[in-house]
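Descriptive analysis of the structure
Spelled out, the chains give:
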Amino acid sequence: MADTTDARRARKWNATHLPDLTGRTAVVTGANSGLGLVTAGALAGAGAHVVFAVRDLARGGAAAARVGGSTEVRRLDLADLDSVREFAASWDRPLDLLINNAGVMMLPEQRTKQGFEMQFGTNHLGHFALTNLLLPHLTDRVVTVSSGLHRGGDGVIHFDDVNLRGHYSPTRAYAQSKLANLLFTLELQRRLAESGSNVRALAAHPGYAATNLQSHAANPLARAFMAVGNKIFAQDDKAGALPTLYAATQDLPGAAYVGPDGLGEMRGAPTLVGRSAAASDPDAAKRLWTLSEELTGVEWGLARFSRL
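Let me begin by describing the structure that accompanies this report. (Residues numbered from 1 in each chain as written. Predicted model: local features only at pLDDT ≥ 70, side-chain atom pairs only at ≥ 80, totals over all residues. Heavy atoms only, no water.)

1. Remarks on the sheet that holds strand β8 (residues 270-272)
With mixed pairing, the eight strands of this open sheet are ordered in space as β3-β2-β1-β4-β5-β6-β7-β8. One side of each edge strand has no neighbouring strand; the edge strands of this open sheet are β3 (70-75) and β8. Neighbouring strand axes in the sheet, compared pairwise and without regard to direction, differ in orientation by 25 degrees on average. Where strand β5 (residues 138-145) lies against strand β6 (residues 200-204), five bridges are found, and the strand directions are parallel. By the bridge assignment for β6, R141 is matched with R200. Against the sheet, helix α4 (residues 81-89) contacts β1 (25-29), β2 (49-54) and β3, and its axis sits at roughly 140 degrees relative to β3. (Pairing = 2+ DSSP bridges. Helix = DSSP H or I, 4+ residues; strand = E, 2+ residues; numbered from the N terminus. Axes fitted to C-alpha atoms, helices over the stretch in contact; angles between N-to-C directions. Contact = heavy atoms within 4.5 Å.)

Shown next, in the form of structure tokens:
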């Protein structure tokens, strides 16, 4: 019998293929809306205990109530390193999955509480600090959500000025932060392997997914363009969350990068995808790690164990 389109689609990996996650605990940053909410809901639906790590406890509580399953809500503001430290200091049990999902996109120029450019500070530095502070508790993997737009902007990390003072653009800043996510994953995996840890670091990107993230773009024309694109070209948030769920639950190698399998990685079922040469540069990854430690004051999370 001929292989039909419907049959091929049925074989594509989707959330119904999630394994039983009963007894496992996951932290999902930015879980109150968009891809984070879908990711948290799918993990809870598969039996995991899911912690909604969110800035707004009321919104997080409402989101968790819609999801059902085993959930809790904890406050976390990735744009404030004091909040990141408070969240991590309150953690006192094993953690199977850390999903670094939260992010901001193409904002007007803004600063975090500690004075970092908002997109780099939130998307990268906040997650860098959170991951290292929680690492002694982690048992399985860290998944960090990047973007195909890591290839955009200038295509590099501006090590001389990651805050982009005097040459800020929303697109440049967003691309830099998403490139940083991939370099962070690369160096994190290298360090985990070197320390003998069984924890794996992976990255994922959603393709072109319709979420509320695009509505915050600084440029009104960009917001209008993305609103139209969301309606015509984008896949929905359920499909957009699949690469993250795939990276979080499937047996993949460390530093793997998952995205949609369709044309231009814009939509489709999750699969392993490539990244830019800049995102594969081990020297840049090490340099970014050192800079991130200096900026956040947070060191390698397994340093104490590595010295034992």
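2. What to know about the environment of A256
Checked against the element boundaries, A256 lands in the loop between α9 (242-249) and β7 (257-260). A residue is classified by how much of its surface remains accessible, and A256, at 7% relative accessible area, is buried. Separated by 56 residues in sequence, A256 and R200 place their C-alpha atoms 9.3 Å apart. Excluding its chain neighbours within four sequence positions, the residues that come into contact with A256 are A201, L202, A203, L272 and R275. (Buried < 20%, exposed > 50% of the residue type's maximum accessible area, 1.4 Å probe, protein only.)

3. Some points on the packing of aromatic side chains
Geometrically, a pair of aromatic rings is defined through the distance of the ring centres and the angle of the planes. Scanning the model with the defined rule gives six aromatic pairs in all. Plain terms: the ring middles of F87 and W91 are 6.3 Å apart, the flat faces sit at 20 degrees to each other, and that makes the pair stacked. Here F87 falls in the buried class, since its relative accessible area comes to 2%. Judged by relative accessible area, which is 3%, W91 ranks as buried. Here F128 and W289 contribute two aromatic rings whose centre-to-centre distance is 4.8 Å and whose plane-to-plane angle is 75 degrees, an arrangement assigned as edge-to-face. Highlighted residues: F128 in helix α5 (residues 118-134) and W289 in helix α10 (residues 282-296), separated in sequence by 161 residues. Each member of the aromatic cluster is reached from another via a ring pair, and the members are F128, F184, W289 and W300. (Phe/Tyr/Trp six-rings, centres within 6.5 Å; stacked < 30°, edge-to-face > 60°.)

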